[in-house]
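# Survey of secondary and tertiary structure
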Amino acid sequence: MQETIEKTREEVQRLAAVNEILERNNYDQSRLIPILQQVQEVFKYLPKDAITYVATSLDLPVAHVYGVATFYAHFSLNPKGKHIIRLCDGTACHVKKSSGIREKLYEKLGLSDDNRTSSDLMFTVDIVSCLGACGLAPVMVVDEVVHGQATPELAAELIDKIRAEESAA
Amino acid sequence: MTDTKKLTVNGLEVEFTDERNLLEVIRKAGIDLPTFCYHSELSIYGACRLCLVLVEGRGIMAACSTAPAEGMVIHTETKELREMRKINIELLLANHDRECTTCSKSAVCALQNIARRLGVHDVRFKSPKRTDPIDTSSPSLDRNPNKCILCGDCVRVCSEIQGIGAIDFANRGSNARVAPAFNADLGKVECVNCGQCAAVCPTGALLPHDDTEKVWNALYDCSKTVVVQIAPSVRVGLGEMFGCKVGENVAGKLVAALKLMGFKYVYDTNFTADMTIFEEATEFIDRFTKKEKLPLFTSCCPAWVKYAESYFPEFLPNISSCRSPQGMFGAVAQEVLPQQLGCKREDLVVVSIMPCTAKKFEAKLPKLATNGKPDVDIVITTVEVGRMIHSMGIDLNDLEPQAFDMPMGLATGGGVIFGASGGVMEAALRFAVEKITGETLKNVDFKMVRGMNNRKTATLNVAGNEVKVAVVYGLAAAKKLLNEIKSGESQFDFVEVMACPGGCISGGGQPYGATNEIRKQRQNGLYTIDATSQLKKSQENYMVDKCYAEHLGGGAGSHKAHELLHTRYQNRSQLFDAKLPIIRGTKDNRLAVTVTIPTKGDNAAATELLGAVSQYVKESGYADSVDLDAAFTAENVNCVTVDCEEIAASIDSVKEAIEKGVKAL
Ligand code: SF4
Ligand code: SF4
Ligand code: SF4
Ligand code: FES
Ligand code: FES
């Protein structure tokens, strides 16, 4: 009983954050995209319950909000891992064999093009286009730290390091 | 007066006035430009690029989204245009599951027809076979994404006409699809099963679910007594599949065809439409005299009922508790026929022929069943029965008309006009006005509620009382009216709502291709039957009287009548809330229990209640058989449902409902 009540309170708090965003945007249907962006900032992705909740609060069909959320590439409907790895696949990085790094990351984390978040929700690998640091190609950004002239070996090392830190914590 | 202007199409001068776009002007000139994404009742989308024309001095443009102007010079058949149209079709076909021979849309399919018309003999583009799963979760409609050409017609009908938006575009690029939110099953979302999306879909991507095999199997089973009821609108729609004049009444020929098929008895849903009037008008008079739970809303349209259950639960007490005529027929048939026909109840098969896809959904509602056996066993649409007749190799036109079987074959004009928007209201008024005034009603026509206007209102003076009535069709129009009633801006005593444009005559199960002109002619067909009937008021149906006397407790409103002819409604509004699963049962059959938690304001009581419910479910040992969810809403409501039925928000009543529900699983 206590557990259920706790869980429920947590969810109310989660949604309170959405309520706040909706209020800030005056429940304005035409502000759907900024609203979803702000929701994504809070949760790091667009959880199903938040999409439904935004739709009903704005009096919009859920299918419409889902359509918008799946149309724009910068929205993600899947949870992101705790650590975000952004790997550049822009022209320069591609030429310098970023694909080898990608394969290494996928292999080490059990990922694929369709599934970019590890099952323990520790890592998400985002493949992005030019990061504007072509001189350093191939470029990979791990938790906002830029690594130039990256190699598959470096990628493996960085992952091992994070894992070690996590299990020590 | 609008001025007449002129433009030239393929060298011919064409006059126009207030046409919204070039396409309408060109069609007026007798040139049927092919289109997928244009429907005069819907907004303009401009995506299919088939309606391309050359406007001299301006270049190639989409006719549907170009305004006509004085002096324009237009060509529709240049080499370039023909080639562009063909390529557009080829591109669509390249990406299309082209199994025409096994597709039920074949022969009325716009894609197939246009490809043939334009002479597309080869598809020069290759693309991988599409293998999206087919969604058959809905009792009313099948959704085959592999046949979708993304014209968006269904999306616009659902949002613009029905105000729902159950399906929309999702994803982008080559992954773009039309689908319910989260690609969920159509049968599990807010879709009200009206079938209007299928009615505009140019291909076989959305089709009414086919139940004809079940009917054949019942007919072939010698141990069964198979009877059938025919809804009013079927008789003025079916003929279109056999080249009859639009709106022609083919009831007699249909009866003959059904007898050939092997149906033992053929009855008329109009009989129970008359019975509906006995019950519903009595209900109205009662509420009107007491000034209680007004306005009264009609309940014949299951799409409207599901809509109200989902979006306006606060109005559920206002909806007439009468079953639809189909539902009443089922109940009366199960009660009366086994004895009358000398068969066992379990051997009686009741089939319905309906213009409506939502009626398939309705017939499956557990509350419209007796001891687990549905009162109506199988529902097929007008188109399905047409196909059954085709498959027998007979032409409806060659058959000698036959009469419906008695007693449930007798009906009045009041019953038959149920199929047209305004018909239920008119029939109810013929009953109520006569009863309230105590005088014979001489002029039975209430023309102000007829016609193709989606909102008709009237104020009548009945024995010194003002009676305000409204008739709407299309759930978007209903939504507007409901909001006005809610805010106090409008006030009515009696409201008829039908989901489909013009009423059931253009239900999702009627022959494909209805336009407002066709709808009008189908409506006229029904009013002609009414005008030529000797009995025009439902209360004159003496067979209904007899049925009440012998089987239904003497008269309208009796206890027995209430038991058989009425129903109750569910609160489906939690469908839209964000959910948090609390308990997930493991058995196949589980009871859904949902507690609403308001996210704003005081939710302590609701949270406590949810906690207590979860504890009870675990301790009672029902955890295997229950799915318990918390539903979060920004609105300030406290709602608890068990199996979609709203329960008082107290732990004792919830316990009781769960116990009852689990035992009934
Ligand atoms: S939708 Fe039309 S073109 Fe496609 S398979 Fe069916 S009949 Fe053929
Ligand atoms: S059946 Fe009606 S409610 Fe359902 S998706 Fe189609 S148009 Fe919308
Ligand atoms: S208006 Fe008639 S045909 Fe349309 S959904 Fe309602 S009952 Fe069915
Ligand atoms: S291509 Fe990778 S940083 Fe520019
Ligand atoms: S009808 Fe004009 S683009 Fe489809």
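Thresholds, definitions, all that
- Residues numbered from 1 in each chain as written.
- Chains lettered and ligands numbered in written order.
- Predicted model: local features only at pLDDT ≥ 70, side-chain atom pairs only at ≥ 80, totals over all residues.
- Heavy atoms only, no water.
- Helix = DSSP H or I, 4+ residues; strand = E, 2+ residues; numbered from the N terminus.
- Contact = heavy atoms within 4.5 Å.
- Near = heavy atom within 4 Å.
- Core = buried A, V, L, I, M, F, W, Y, C linked by side-chain atoms within 4.5 Å.
- Buried < 20%, exposed > 50% of the residue type's maximum accessible area, 1.4 Å probe, protein only.
- Domains from an automatic or database assignment.
- Nonpolar A, V, L, I, M, F, W, Y, C, P; charged D, E, K, R; others polar.
- Buried area = accessible area lost by both parts, 1.4 Å probe.
- Salt bridge = Lys/Arg side-chain N within 4 Å of Asp/Glu carboxyl O.
- Polar contact = N/O pair within 3.5 Å; in protein donor to acceptor, adjacent residues only side chain to side chain.

## Some thoughts on the side chain of R287 of chain B
Mapped onto the fold, R287 of chain B is located in helix α8 (residues 269–290). Ignoring sequence-local partners within four residues, the contact set of R287 of chain B consists of E292, K293, L294, L296, P317, N318, I319 and S320 of chain B.

## With respect to the site of ligand 3
Looking at ligand 3, the residues that line it are C301, P302, A303, C356, A358, K359, M498, A499, C500, C504 and G507 of chain B. Secondary structure elements with two or more residues in the shell around ligand 3: α9 (302–311) and α11 (358–363) of chain B.

## Observations regarding the nonpolar core
L258, F263, M275 and W304 of chain B are the most contacted members of the largest nonpolar core, which has 140 residues in total. It is α8 of chain B that provides the largest number of residues to this core, a total of nine residues. Counting residues domain by domain, this core receives three or more from each of domain 2 (90–208) and domain 3 (214–565) of chain B. Residues within four places of L258 of chain B in sequence aside, it is in contact with V228, I230, F263, V266, I353 and V385 of chain B. Ranked by size, the runner-up nonpolar core spans 53 residues in total, among them L15 and L32 of chain A together with A181 and V613 of chain B.

## Quick word on the site of ligand 1
Near ligand 1 you find H96, D97, E99, C100, C103, S106, C109, L111, Q112, K147, T203 and G204 of chain B, and these make up its full shell. Residues belonging to the shell around ligand 1 are distributed by class as follows: four nonpolar, five polar and three charged.

## As for the interface of chain A and chain B
Contacts between chain A and chain B engage 30 residues on the former and 38 residues on the latter. For the chain A face of the interface with chain B, the top three residues by lost area are M1, T4 and Y66 of chain A, together amounting to 21%. Our count for the chain A to chain B interface comes out at two salt bridges. The partner of K479 of chain B in a salt bridge is D59 of chain A, and the shortest N-O contact between them spans 3.8 Å. Inspection of the region where chain A meets chain B yields seven residue pairs in polar contact (both at pLDDT 80 or more). Residue assignment for the side of chain A that touches chain B shows that the elements contributing at least two residues are α1 (2–24), α3 (48–57) and α4 (62–71) of chain A. It is α1 of chain A that contributes the most residues to the side of chain A that touches chain B, nine residues altogether.

## A short note on the domain arrangement of chain A
Split into domains, chain A comes out as domain 1 (2–71) and domain 2 (83–168). Using C-alpha coordinates to define each centre, domain 1 of chain A is positioned 30 Å away from domain 2 of chain A.

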